[in-house]
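Breakdown of the fold
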Amino acid sequence: MTQFKSDFLNVLQERGFIHQCSDFEALDQKLSSGVQSAYIGFDATAPSLHVGSLIPIMLLYWFQQTGHRPITLMGGGTTKVGDPSGKDKSRQVLTDDLINENIAGIKKIFGQFLTYGEGKTDAVMVNNDDWLNGLKYLEFLRDYGQHFTINRMMTFDSVKLRLEREQPLTFLEFNYMILQAYDFLELNRRMGVSLQMGGSDQWGNMINGMELGRRCDGADLFVLTAPLLTTASGAKMGKTADGAVWINKEMLSPYDYYQFWRNTEDADVGRFLKLFTILPMAEIARLEALQGADINEAKKILAYEATKLCHGAELADSAQETAIKTFEQGDLSGDLPFIEVSKAQLQGGIGLLDLMRDAGLVASNGEAKRLIQGGGVRVNDNKIDDPAFQCTLSDLNDQSVIKLSAGKKKHALVKVA
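The structure contained in this document is the topic of the report that follows. This is a predicted model, so every value here is computed, not measured. What you see as residue numbers is a count from 1 along each chain, following the sequence as written. Selection of residues for local features in this predicted model requires a pLDDT of at least 70, selection of side-chain atom pairs for listing and counting requires 80 or more, and totals for whole chains, interfaces and linings are taken over all residues. Based on all heavy atoms of the structure, the side-chain values leave hydrogens and waters out of the count.

Topic: the overall build of the chain
Strands here mean DSSP runs of E at least two residues long; helices mean DSSP runs of H or I at least four residues long; both are numbered from the N terminus. Secondary structure assignment for the chain yields 19 helices and 15 strands. For the chain, whose C-alpha radius of gyration is 24 Å, the value lies close to the compact-globule estimate of 22 Å for 417 residues. Once the C-alpha set of the chain is aligned to its principal axes, its extents read approximately 75 × 50 × 40 Å. Taking contacts inside the chain between residues at least 6 apart in sequence as the whole, the part at least 24 apart equals 72%. Using a 1.4 Å probe, the Shrake-Rupley method yields the accessible areas, and only the shown protein chains count as cover for residues. For the chain, the computed accessible surface area is about 19,400 Å², with 49% contributed by carbon and sulfur atoms. Taken over C-alpha atoms, the radius of gyration is set against a globule rule of 2.2 Å times the number of residues to the power 0.38. For this analysis, residues touch if any pair of their heavy atoms sits within 4.5 Å.

As structure tokens, this is what we get:
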């Protein structure tokens, strides 16, 4: 293991954040010479980021914790174009109003991880629409288009893979890498930013920005990427069978967020503790060494620490307490997800398939039916074998709720409105 001069690179290395760097030695020297500024860009395609974005967020967190200034770049401009990386279809075009609404939702996330302000190492949030929206097209092409060749752009995975799959790539999307490169140049000019960080799938785009800064201004720029994360079983981080694992609590409850981490595969626990918590490495080493049933204790700590970092101690405490009551004490907690139905509806009977779907335990009635046929659905802890089962007033328990369970880990309540 390389020993760096800079605390930042040493932290990233021991926690598993590093994939590639344009020049480790020179960047290490730069980071050791005083406070530096680095940025990561986030396009505003939804009102929240999902846990697949936690790696870049944690890169910015550790950058600030080791004495530097993180820049969160909101892609108000680039969201209008769409990054073709890893996609077969063009991104849906969003209105300015919807993009701004999404940015407002995403801003809430960063305040949990970063300290914003006017100090030397305080985080700063900027929006690339501030400079991209006012560009004069012909002048932009004349000044910067000469630094990009079609030959080289065709070699980047974001372009090559789309064409190999014989999927159309619009000229709009083809411009994305030029605009992203220009962001780096603009941030260096405006704020002295010398480092761009991101996922390894952005390596080509990021190198373009670094080279554009050097060619236009002779700027001393660097790029650093983290590995794209998959689980031990090969699943993409941030996605589950039920959809994206959102970070904003308005889109996913802290309890469900806690449960996502609690259900981590055994083989991933140590790695996720390093990446998604701020526990000391000695404590992580102790938890990594746990075997057999004891690994569940490590999973509970991972779930609590990850939830606390994202949602704060109070909501993490509540999520943990709900999990203990539900799984260890057999009690029901008001913090479990729930839906409300009228007494009249229950009196007439409501299909279990519909209730499972409406409660968010499954994505469709078809999925609920398959789960029932596989023996994975319970009502008040009693297994249900009949997809046509109807829940009625008689199913209300002594707490006046109906408990629905999908497998061993997912529960929801039906309450009478």
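After that view of the structure, there is still more to cover.
Observations regarding the pattern of salt bridges
A side chain with one charge can pair with a side chain of the opposite charge if their charged atoms come near. Salt bridges are defined as contacts in which a side-chain nitrogen from Lys or Arg sits within 4 Å of a carboxyl oxygen from Asp or Glu. Applying the stated criterion across every chain, the model contains 15 salt bridges. Among the salt bridges present, the one from Arg-190 reaches Glu-186, with a minimum N-O distance of 2.8 Å. Placement of both Arg-190 and Glu-186 in helix H10 (residues 176-191) is noted, with a separation of four residues, approximately one turn of the helix. Relative accessible area decides the class of each residue, using a 1.4 Å probe on protein chains only: under 20% of the type maximum gives buried, over 50% gives exposed, and in between gives partly exposed. According to the relative accessible area criterion, Glu-186 is buried, its value standing at 10%. Overlapping salt bridges bring together Lys-80, Asp-96 and Asp-129 as one network.

Things to note about the sheet that holds strand E6 (residues 222-226)
Strand pairing follows a simple DSSP-based rule, namely that at least 2 bridges must link the two strands. What the six strands build is an open sheet, ordered E1-E6-E5-E2-E3-E4; its pairing is mixed. Since the sheet does not close on itself, it has two edges, and those belong to strand E1 (20-21) and strand E4 (124-127), each with one partner. In this sheet, E6 lies alongside E1 in antiparallel orientation, the contact comprising two bridges. Among the inter-strand pairings, Gln-20 is bridged to a residue of E6, identified as Thr-225. The sheet strands contacting helix H4 (residues 96-113) are strand E2 (37-43), strand E3 (69-75) and E4, and the helix crosses E3 at an angle near 160°. With axes taken as lines fitted to C-alpha atoms, and helix axes fitted only over the stretch in contact, angles between N-to-C directions fall between 0 and 180 degrees. The strands touched by helix H11 (residues 203-217) within the sheet are E1, strand E5 (195-199) and E6, with E6 carrying the most contacts at an inclination of about 165°.

Here we look at the packing of H10 against H11
Taken N-terminus to C-terminus, the directions of H10 and H11 make an angle of 50°; their axes are 8 Å apart at the nearest point. Comparing the axis directions of H10 and H11 gives the class oblique. Seen along the crossing, H10 lies across H11 with a hand that is right-handed. Listed contacts from H11 to Tyr-176, Met-177, Gln-180, Ala-181, Tyr-182, Phe-184, Leu-185 and Arg-189 of H10 are Asn-205, Met-206, Asn-208, Gly-209, Met-210, Leu-212, Gly-213, Cys-216 and Asp-217. In this classification, the charged set is Asp, Glu, Lys and Arg, the nonpolar set is Ala, Val, Leu, Ile, Met, Phe, Trp, Tyr, Cys and Pro, and all remaining amino acids, among them Gly, are polar. For the contact of H10 with H11, a count of residues per class yields 10 nonpolar, five polar and two charged. If an angle is under 35 degrees, it is roughly parallel; if it is over 145, roughly antiparallel; if it lies from 65 to 115, roughly perpendicular; otherwise it is oblique. Crossings are sorted by hand: turned counterclockwise from the far helix by less than a right angle, the near helix makes the crossing left-handed, and turned clockwise it makes it right-handed.

Considering the packing of helix H13 (residues 269-276) against helix H15 (residues 295-311)
H15 packs onto H13 with a crossing angle of 20° between their chain directions and a minimal axis gap of 10 Å. The angle between the axes of H13 and H15 places the two elements in the roughly parallel class. In the crossing of H13 with H15, the sense of the turn from one axis to the other is left-handed. Mapping the contact onto sequence places Val-269, Phe-272, Leu-273 and Phe-276 in H13 and Ile-295, Ala-298, Lys-299, Leu-302, Ala-306 and Leu-309 in H15. The class makeup of the residues in the contact of H13 with H15 is nine nonpolar, no polar and one charged.

Here we look at the packing of aromatic side chains
A pair of Phe, Tyr and Trp rings is counted when the ring centres sit within 6.5 Å of each other, with Trp represented by its six-membered ring. The angle between the planes then sorts it: under 30 degrees is stacked, over 60 is edge-to-face, the rest tilted. Tallied over the entire structure, the rule returns 11 aromatic pairs. Geometrically, the ring pair formed by Phe-4 and Phe-24 is tilted, given 5.8 Å between the ring centres and 35° between the ring planes. Of this pair, Phe-4 sits in the segment before helix H1 (7-15) while Phe-24 sits in helix H2 (residues 24-31), and the two are 20 residues apart along the sequence. Phe-4 sits in the buried class, given a relative accessible area of 10%. Here the aromatic rings of Trp-261 and Phe-272 are separated by 6.0 Å at their centres, their planes lie at 85°, and the arrangement is edge-to-face. With Trp-261 in helix H12 (residues 254-262) and Phe-272 in helix H13, this residue pair connects regions lying 11 residues apart in the sequence. A relative accessible area of 3% means that Phe-272 is categorised as buried. Pairwise contacts between aromatic rings join Tyr-257, Phe-260, Trp-261, Phe-272 and Phe-276 into one cluster.

Points about the sheet that holds strand E12 (residues 382-383)
The pairing of strands in a sheet comes from backbone hydrogen bonds and takes either a parallel or an antiparallel form. Read across the open sheet, the five strands follow the order E9-E15-E14-E11-E12; overall the sheet is mixed. The sheet is open, and its two borders are formed by strand E9 (338-341) and E12, each paired with just one other strand.

Distances and angles like these do not, on their own, reveal function.
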